[in-house]
Amino acid sequence: MAVSVELTHVTKAFDTTLAVNDVSLKIERGEFFFLLGPSGCGKSTFLRIVAGFYKPDAGELRFDDTVMNDVPPHQRNTGMVFQNYALWPHMSVAENIEYGLTLRKLEKSERAEKIARALEMVQMEGYHDRAVNTLSGGQQQRIALARALVIEPSVLLLDEPISNLDAALRQQMREEIKQIHERTNITTFYVTHDQVDALTMANRMAIMKDGVVVQVGTPREVYQFPKNAFVASFIGETNFISGKVQQTSNGHATIETPVGMLHSETIYHELSEGTSVQCSIRPEALTVDSAQNGSSRAENQITAKITSVHYLGRMEEYQLVAADIPLKAVHYNPGTEIKKAGDTVQLGIAATAVIPLPD
Ligand code: ATP
């Protein structure tokens, strides 16, 4: 039975490092929740607090209404998958999966039934008796997942479970893990520093930095409405043009920047005149027009010079420079017109695509 997980002002320090710093967060029953952030931001520590391997120095952890701070890991009914899988290499697949069931003192026939079901869930039927050290990395990952799932955990904890796999297998496992979650509806935490994992699978995600949760939201909310420049650059690519707010009225702002005045209609921060901001503009929001026809009707027009072009078939990437600011534009379904390094072009940017963020 899935549970909700709630942290209230949870803090965990190692010597002088605040690995998790006053985190308050509630994850609903059945949610697929991602913890995302750069190396060392506290993701694994967060996960280990939920698993019970670390006890918070301060604050409270609850599963539904039960305070878990003093409950040992083996009484929490959590299943965990580690980045390095942590399987017992000389045991068979079945023995690895069986371990948690033996601890729970289940009858042999019931254990066999559950092992078979777990293997089926990760599409590894037929591997029952294989020694784990004869399996590929991808297969070991599936067995680690089966071992975590077989105990029917209330909370599933995944610590970078697919980061050791090659790109094609990662893509496949993303889909499979997502489907397993949809079938089992277990409250799941997934730690990664790969934004693609999070964007493709998460119900919601928390972006962490230096032990602090900077923003929580759905993939769309976080991508479209980043709270600050750190989040905007961590989730997806973006361009930053710094400037000063010149005027604001009715959800519209004009910002003075080195590339000229920028108009923004995506204002969701408190902005007063004179405030320094970073304007975040996603690469796909820049349209690249030839300087002479300047056909774009976008509210913002910037003159820029192309420094390089990468034609990738379904899209074209441009590196540009405007007033010494490097910019990137992505153009999907590129037509036949060829633009090349050295060309001066007109960049069109809709006012809705300019997001002024606190400095
Ligand atoms: P990564 O993506 O590299 O795995 P992370 O976001 O999971 O990083 P944590 O492993 O939670 O980060 O570490 C957070 C901070 O706490 C880091 O500064 C780390 O050095 C420190 N830390 C973590 N575990 C310990 C420990 N057992 N002893 C001392 N310091 C620790």
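Just so you know, these numbers come straight off a predicted model, no measurement behind them.

Draft legend 1. Quick peek at the packing of helix H2 (residues 93–103) against helix H3 (residues 108–121). For the pair H2 and H3, interaxial distance at closest approach is 10 Å and the crossing angle is 125°. As summarised for this structure, H2 and H3 are arranged oblique, according to the angle between their axes. As H2 runs across H3, the sense of the crossing is right-handed. Residues Val93, Ala94, Ile97, Glu98, Leu101 and Thr102 of H2 pack against Arg111, Lys114, Ile115, Ala118 and Leu119 of H3. Each residue belonging to the contact of H2 with H3 can be placed in one class, and the counts come to seven nonpolar, one polar and three charged.

Draft legend 2. Focus on the sheet that holds strand S3 (residues 32–36). One open sheet holds the six strands; their spatial order is S6-S7-S8-S3-S9-S10, and the pairing between them is mixed. The two strands at the open ends of the sheet, each matched to only one other strand, are strand S6 (78–81) and strand S10 (212–217). Between one strand axis and the next, the sheet turns through 20° on average, direction left out of account. The pairing of S6 with strand S7 (residues 155–159) spans four bridges and is classified as parallel. The partner of Gly79 across the bridge, within S7, is Leu156. Packed onto the sheet, helix H4 (residues 137–149) meets S6 and S7 and runs at close to 170° relative to S6. This element, helix H5 (residues 167–184), spans S3, S7 and strand S8 (187–192) of the sheet and lies at about 135° to S3.

Draft legend 3. View of the pairing of strand S11 (residues 239–249). In the sheet, S11 pairs with strand S14 (residues 276–281) via six bridges, with the strands oriented antiparallel. Paired with Phe240 across the bridge in S14 is Ser280. In this sheet, strand S12 (residues 252–257) lies alongside S11 in antiparallel orientation, the contact comprising five bridges. For Val245, the partnering residue across the bridge sits in S12 and is Ile255.

Cut-off values and rules
Think of each chain on its own: its residues are numbered from 1, step by step along the sequence as written. Per-residue local features are limited, in this predicted model, to residues with pLDDT of at least 70; the limit for side-chain atom pairs, both in listing and counting, is 80 or more; totals at the level of whole chains, interfaces and linings are taken over all residues. Side-chain metrics rest on all non-hydrogen atoms present in the structure, leaving aside hydrogens and water. Orientation is described by lines fitted to C-alpha atoms, with helices fitted over the stretch in contact, and by angles between N-to-C directions that extend from 0 to 180 degrees. Numbering of helices and strands starts at the N terminus; helices are DSSP runs of H or I of at least 4 residues and strands are runs of E of at least 2. An angle below 35 degrees is treated as roughly parallel, one above 145 as roughly antiparallel, one from 65 to 115 as roughly perpendicular, and anything else as oblique. In a left-handed crossing the near helix is turned counterclockwise from the far helix by less than a right angle, and in a right-handed crossing that turn is clockwise. A contact between two residues is defined here by any heavy atoms of the two lying within 4.5 Å. The nonpolar class holds Ala, Val, Leu, Ile, Met, Phe, Trp, Tyr, Cys and Pro. Asp, Glu, Lys and Arg form the charged class, and all remaining residues, Gly among them, are polar. Between any two strands, at least two bridges found by DSSP are needed for them to pair.

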